[in-house]
Amino acid sequence: MTLFPPASGALTAPAGARTPSPQAPRTGLYTPEQRLRRDATRWTLVQGILAPVQFVVMAISVWLVLRYLRTGNGLAAANLSVVVKTFVLYTIMVTGAIWEKVVFGKYLFADAFFWEDVVSMGVIALHTAYLAGLALAWAPRTLMGLALVAYGTYAVNAIQFVLKLRAARLQEAESLRHGVAA
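Residues numbered from 1 in each chain as written. Predicted model: local features only at pLDDT ≥ 70, side-chain atom pairs only at ≥ 80, totals over all residues. Heavy atoms only, no water.

J.: Help me understand the overall build of the protein in this model?
T.: Counting its regular elements, the protein contains 5 helices and 0 strands. The order of α-helices and β-strands along the protein, N terminus first, is α-α-α-α-α. Here the contacts in the protein between residues at least 6 apart in sequence split such that 65% fall between residues at least 24 apart. A total accessible area of about 10,100 Å² is found for the protein, and carbon and sulfur atoms account for 71% of it. (Helix = DSSP H or I, 4+ residues; strand = E, 2+ residues; numbered from the N terminus. Contact = heavy atoms within 4.5 Å. Areas by Shrake-Rupley, 256 points an atom, 1.4 Å probe, with all protein chains shown as cover.)

J.: Would you take a moment to explain the environment of W43 for this structure?
T.: Mapping W43 onto the fold places it in helix α2 (residues 42-71). Given the relative accessible area of 18%, W43 is considered buried. In sequence terms W43 and T95 are 52 residues apart; their C-alpha atoms lie 6.9 Å from each other. Excluding residues that lie within four positions of it along the chain, W43 makes contacts with T95, I98, W99 and V102. (Buried < 20%, exposed > 50% of the residue type's maximum accessible area, 1.4 Å probe, protein only.)

J.: So what exactly am I meant to see when it comes to helix α4 (residues 114-135) here?
T.: Along an α-helix, residues three or four apart share an orientation, since each turn contains 3.6 residues. For α4, built from 22 residues, the straight-helix expectation of 32 Å at 1.5 Å per residue is met to within 8% by its first-to-last C-alpha distance of 32 Å. Of the positions making up α4, those classed as buried are F114, E116, D117, S120, V123, I124, H127, Y130 and G133. Immediately beyond the C-terminal end of α4, within one or two residues, lies A137, with a positive phi of roughly 60°. (Expected span 1.5 Å × (residues − 1).)

J.: Looking at this model, I keep getting lost on the packing of aromatic side chains. Mind explaining?
T.: Pairs of aromatic rings are described using the distance from one ring centre to the other and the angle between the two planes. One pass over the structure, following the stated rule, counts 8 aromatic pairs. Each ring, one from F87 and one from Y90, has its centre 5.7 Å from the other, and the planes form 85°; the classification is edge-to-face. Here F87 pairs with Y90, and both are found in helix α3 (residues 75-104), just 3 residues apart, close to one helical turn. Y90 sits in the partly exposed class, given a relative accessible area of 23%. Look at W99 and F113: their rings are 5.7 Å apart centre to centre, the planes differ by 75°, and that puts the pair in the edge-to-face class. In this pair, W99 is assigned in helix α3 and F113 in the loop between α3 and α4, connecting sequence segments 14 residues apart. (Phe/Tyr/Trp six-rings, centres within 6.5 Å; stacked < 30°, edge-to-face > 60°.)

J.: What exactly am I supposed to notice about the environment of E33 here?
T.: Along the chain, the position of E33 falls in helix α1 (residues 32-40). With 71 residues separating them in the primary sequence, E33 and F104 have C-alpha atoms 9.4 Å apart.

J.: What exactly am I supposed to notice about a nonpolar patch on the surface here?
T.: On the surface, a cluster of nonpolar side chains totalling about 280 Å² of accessible area is made up of L45, I49 and V53. Take L45: it is sitting in helix α2. (Patch = residues over 30% accessible without salt bridge, like charges linked within 9 Å, V, L, I, M, F, W, Y side chains within 5 Å. Salt bridge = Lys/Arg side-chain N within 4 Å of Asp/Glu carboxyl O.)

J.: What should I look at first to understand the packing of α2 against α3 in this one?
T.: Each pair of packed helices can be described by the angle between their axes along with the distance between the axes. The geometry of α2 relative to α3 is characterised by a closest axis approach of 9 Å and an angle of 160° between their N-to-C directions. One element, α2, and the other, α3, form an angle in the roughly antiparallel class. Of the two possible hands of crossing, α2 and α3 adopt the one that is left-handed. (Axes fitted to C-alpha atoms, helices over the stretch in contact; angles between N-to-C directions. Parallel < 35°, antiparallel > 145°, perpendicular 65-115°, else oblique. Left-handed = near helix turned anticlockwise from the far one by under 90°.)

J.: What is the right way to look at the confidence of the model for the protein in this model?
T.: When pLDDT is averaged along the protein, the result is 85; 83% of the residues meet or exceed 70. Ranking the elements of the protein by mean pLDDT puts helix α5 (residues 140-181) last, at 87, and α3 first, at 97. (pLDDT = per-residue confidence, 0-100.)

Below, the structure written as C-alpha cells:
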C-alpha cells in the first residue's frame, strides 16, 4: 500500500487499505516523529546491510538448487545454502521487527508495513517448512522445489519493500522540494 497525498494535502488510501493511526499527521510512509526515529536508530543501518546480504545468499542458493535439479550433483551444498539463507532470513526478520518497534511502536504489522509483514510471515513459514522437511528427510527434489517456492515468495516480498521504500523516498524529496519552494 502506497499513500500519495493529493494536491489538497489530505491523506487518501486505496479502498480496503488500512489507514494510518491518527496519532500524528503522516506525509507519506512516516510521520515526522517516525522519520526522526528511523534516521536515529542503528537498526536502519542493520537492515540496510542485511537486505543485500540476504539477496546475495539467495542468488547463490538458487544457483546451487538449480544445479542440483539439473545435474543431480551438489545436494549437500544446495541444502546447506538453503539453511544459510533461512538463518539470514530469521536474522533480518528479528532485527526488522526490532526496527519496526523503534520506528512505529510495534514489533510487526505496523500500518505502514502491514502487507509486507503479512507476506513476510508466509516467507518465514515456507523457509521453516524446508527446515522441517530436511529434518524429516523429505525427498531431495521436493525440498528443492519448496526452496524455489520460498525464494519466489521472498522475491515478491523484497519487491514489496523496495517499491514501498522507493515511494517513501520520492515523497520525502517532493515534500522537501515544496517545503523549500514555499
